[in-house]
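Given next are the chains, with one letter for each unit.
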Amino acid sequence: MREEIIKMLKKEGTVPLSGEAIARKLGVSRTTVWKIMRALEADGYTIEGSPRRGYRMLQIPDRLFPSELDAKLSSRIIAPVPTYIHHHHCVDSTNNVLKSMADQGAPEGTVVVAEKQEKGRGRLGRNWSSPAGGGVYLSLLLRPPIPPQHASPLTLLAAVAACIGIRAVLPQLSPGIKWPNDLLLGGRKVCGILCEIKAEMDLVHYLIAGIGINVNTGLKDLPHTLQSSATSLKLENGDRAVSRVAVAAAILQHYDELYCEYLEAGAAPVLARWREYNVTLGRSVKIQNQSGLYAGIARDLDSNGALVVEGDSGELRPFSAGEVVFGTQ
Ligand code: BT5
């Protein structure tokens, strides 16, 4: 009902809509309409209400509500309708919330978004700092018909979607992908991605792609230890605020398009786009993984998304997991 009322008010624009007309259309009492208006105001919508003339929507908050995201989406698989989007003010981790929904059978394309995370997670038990107000924290659910050993390109797809989505909203910025899927602006991290899968030997049950972006996050909102390595879209945009809804919707839209293409054409187009937007290939790197540290030049991705590194004596070695440190760092 809430979503319906938002749609009705937006459609009327500056023309007031009477409480009675809304109540009649929705088959509820005027008191119910009044209560929903109060709830919308509590969520940050500015609504002018006059007993004689009715209600007008004056301002829409930049929060990741399903109706706001849906208004910018024309997707086929990821959030094809607003009921696929689950908005929370605060969660421990959107990946955790979506994981329990996936275990209970949530459909492919389900999305969980939050304004704040209390235990945002990075890879290998690391932390993703997720303060309220400035960031976008979202997770989306895929159920690709593939074995787990073919899942890597789908984690790279998340970085490509985030990169293209950000560039679509802010064409003046050029985020680049550090393997496997960090997004950097001016050498600083603006977006991190955590992909988790549940699988049997020969079938992926589901993949959750969790994406965290510092949109309007101020450096002072982040822990001291991150202030020299992190940035936000706002900071890179000359300190001008950026619409979180626009960024989140653009990423979901591009994710949808890339995933549809992946299902039809396989991994090659995703890998080609990753190469186009990366800032890793051709650089001197050190790869840290469970077996130690390996230095060389990052040369290419192989067909499964592994990073191929050329060692000192010209030998090529593929890495399917690990941490990249650039030679100059
Ligand atoms: C990542 O891990 O970068 C994955 C981050 C994924 C976050 C999303 S938010 C929605 C979803 N729900 C979750 O709980 N997680 C996902 P990793 O490559 O391991 O990098 C983690 C490192 O990034 C930390 O150890 C810090 O050094 C740094 N870091 C943490 N928070 C940051 C932030 N807000 N901005 C920039 N760097 C940050």
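Computed from a prediction, not measured in an experiment: that's the story for all the values here.

**A look at the overall build of the chain**
Then, in step 1: Secondary structure summary: the chain contains 9 helices and 14 strands in total.
Then, in step 2: Here the C-alpha atoms of the chain give a radius of gyration of 22 Å, agreeing with the 20 Å that 2.2 N^0.38 yields for 329 residues.
Then, in step 3: Each principal axis of the C-alpha distribution contributes one length, and for the chain these read about 80 × 45 × 30 Å.
Then, in step 4: Relative to its 329 residues, the chain shows a buried fraction of 50%.
Then, in step 5: Counting only carbon and sulfur atoms, one obtains 52% of the accessible surface of the chain, whose full area is about 15100 Å².
Then, in step 6: Where the 37 positive side-chain charges of the chain centre and where its 33 negative ones centre are 6 Å apart.

**What to know about the pattern of salt bridges**
Then, in step 1: Within the structure shown, the criterion is met by 18 salt bridges.
Then, in step 2: With its nearest N and O atoms 2.9 Å apart, the salt bridge here joins Arg 244 to Glu 115. Of this pair, Arg 244 sits in helix 8 (residues 244–265) while Glu 115 sits in the loop between strand 4 (111–114) and strand 5 (135–142), placing them 129 residues apart in sequence.
Then, in step 3: Linking Arg 123 and Glu 323 is a salt bridge whose minimum nitrogen-to-oxygen distance equals 3.0 Å. Taken together, the residues Arg 123 in the loop between strand 4 and strand 5 and Glu 323 in strand 14 (residues 323–326) connect sequence positions 200 residues apart.
Then, in step 4: Given the relative accessible area of 22%, Glu 323 is considered partly exposed.
Then, in step 5: Taken together, the shared-partner salt bridges connect Arg 2, Glu 3 and Asp 43 into one network.

**Concerning the nonpolar core**
In a soluble, globular protein the nonpolar side chains are often hidden away together inside.
Then, in step 1: Residues Leu 140, Leu 183, Ile 211, Ile 213, Leu 233 and Tyr 255 are the most contacted members of the largest nonpolar core, which totals 70 residues.
Then, in step 2: Looking at which domains feed residues into this core, each of domain 2 (66–277) and domain 3 (284–326) supplies at least three.
Then, in step 3: The residues contacting Ile 213, other than those within four sequence positions of it, are Gly 135, Val 136, Ile 166, Val 190, Cys 191, Leu 233, Val 247 and Ile 251.
Then, in step 4: Core analysis: the second largest hydrophobic core is formed by 16 residues, Leu 9, Leu 17, Ile 22 and Met 37 among them.

**Comments concerning the site of the ligand**
Then, in step 1: Near the ligand you find 26 residues, and of these Ser 93, Arg 121, Arg 126, Lys 189 and Asn 214 are the closest.
Then, in step 2: Contacts to the ligand include Arg 121, whose backbone N or O atom sits 2.7 Å from an oxygen atom.
Then, in step 3: Here an oxygen atom of the ligand and a side-chain polar atom of Lys 189 are 2.8 Å apart.
Then, in step 4: Against a free-state accessible area of 790 Å², the protein chains account for coverage of 91% of the ligand.

**Observations regarding the side chain of Asn 237**
Then, in step 1: Its location among the elements puts Asn 237 in the loop between helix 7 (233–236) and helix 8.
Then, in step 2: Every residue in contact with Asn 237, bar those within four places of it in the chain, is listed here: Leu 170, Gln 172 and Val 242.

**Remarks on the packing of helix 1 (residues 2–12) against helix 2 (residues 19–26)**
Then, in step 1: Their axes nearest at 11 Å, the elements helix 1 and helix 2 cross at an angle of 130°. The orientation of helix 1 with respect to helix 2, classified from their angle, is oblique. Our pair here, helix 1 against helix 2, has a crossing hand that is right-handed. Contacts from Glu 4, Ile 5, Met 8 and Leu 9 in helix 1 reach Ile 22, Lys 25 and Leu 26 in helix 2.
Then, in step 2: Split into classes, the residues belonging to the contact of helix 1 with helix 2 amount to 5 nonpolar, no polar and 2 charged.

**Description of helix 2**
Then, in step 1: Those residues of helix 2 that sit buried are Gly 19, Ile 22 and Ala 23. Angular distribution of buried residues about the axis of helix 2 spans 100°; they occupy a single face of the element. Opposite the buried face of helix 2, at more than 90 degrees from it, the exposed residues are Arg 24 and Lys 25.
Then, in step 2: Positioned one or two residues after helix 2, Gly 27 has a phi angle of 70°, which is positive.

**Some words on the environment of Ala 295**
Then, in step 1: With respect to the element layout, Ala 295 can be found in strand 11 (residues 292–301).
Then, in step 2: By relative accessible area, Ala 295 is classed as partly exposed at 41%.
Then, in step 3: The spacing of Ala 295 and Thr 225 is 70 residues in sequence and 26 Å in space, taken between C-alpha atoms.
Then, in step 4: Setting aside its immediate chain neighbours within four residues, Ala 295 contacts Val 285, Lys 286 and Gly 311.

**With respect to the domain arrangement of the chain**
Then, in step 1: Domain assignment breaks the chain into domain 1 (2–59), domain 2 (66–277) and domain 3 (284–326).
Then, in step 2: For domain 2 and domain 3, the distance between their C-alpha centres works out to 25 Å.
Then, in step 3: On the domain 3 side, the residues contacting the 16 residues of domain 2 number 15 residues.
Then, in step 4: With both chains or domains summed, domain 2 and domain 3 bury close to 1200 Å², and 55% of this area falls on carbon and sulfur atoms.
Then, in step 5: It is Lys 178, Trp 179 and Arg 275 in domain 2 that bury the most area against domain 3; as a group they hold 52% of the surface buried on that side.
Then, in step 6: Counting every contact that joins domain 2 to domain 3 gives 3 salt bridges.
Then, in step 7: For the salt bridge of Asp 300 with Arg 275, the shortest nitrogen-to-oxygen distance reads 2.7 Å.
Then, in step 8: Applying the counting rule to domain 2 against domain 3 returns 7 residue pairs in polar contact (both at pLDDT 80 or more).
Then, in step 9: The set of elements that each furnish at least two residues to the side of domain 2 that touches domain 3 consists of helix 6 (152–169) and helix 9 (268–277).
Then, in step 10: Broken down by class, the residue content of the side of domain 2 that touches domain 3 amounts to 9 nonpolar, 3 polar and 4 charged.

Cut-offs applied
- Residues numbered from 1 in each chain as written.
- Predicted model: local features only at pLDDT ≥ 70, side-chain atom pairs only at ≥ 80, totals over all residues.
- Heavy atoms only, no water.
- Helix = DSSP H or I, 4+ residues; strand = E, 2+ residues; numbered from the N terminus.
- Rg over C-alpha atoms; globule rule 2.2 N^0.38 Å.
- Buried < 20%, exposed > 50% of the residue type's maximum accessible area, 1.4 Å probe, protein only.
- Areas by Shrake-Rupley, 256 points an atom, 1.4 Å probe, with all protein chains shown as cover.
- Lys, Arg positive; Asp, Glu negative; His and termini not counted.
- Charge placed at Lys NZ, Arg CZ, Asp CG, Glu CD.
- Salt bridge = Lys/Arg side-chain N within 4 Å of Asp/Glu carboxyl O.
- Core = buried A, V, L, I, M, F, W, Y, C linked by side-chain atoms within 4.5 Å.
- Domains from an automatic or database assignment.
- Contact = heavy atoms within 4.5 Å.
- Near = heavy atom within 4 Å.
- Polar contact = N/O pair within 3.5 Å; in protein donor to acceptor, adjacent residues only side chain to side chain.
- Axes fitted to C-alpha atoms, helices over the stretch in contact; angles between N-to-C directions.
- Parallel < 35°, antiparallel > 145°, perpendicular 65-115°, else oblique.
- Left-handed = near helix turned anticlockwise from the far one by under 90°.
- Nonpolar A, V, L, I, M, F, W, Y, C, P; charged D, E, K, R; others polar.
- Arc of directions from axis to C-beta.
- Buried area = accessible area lost by both parts, 1.4 Å probe.

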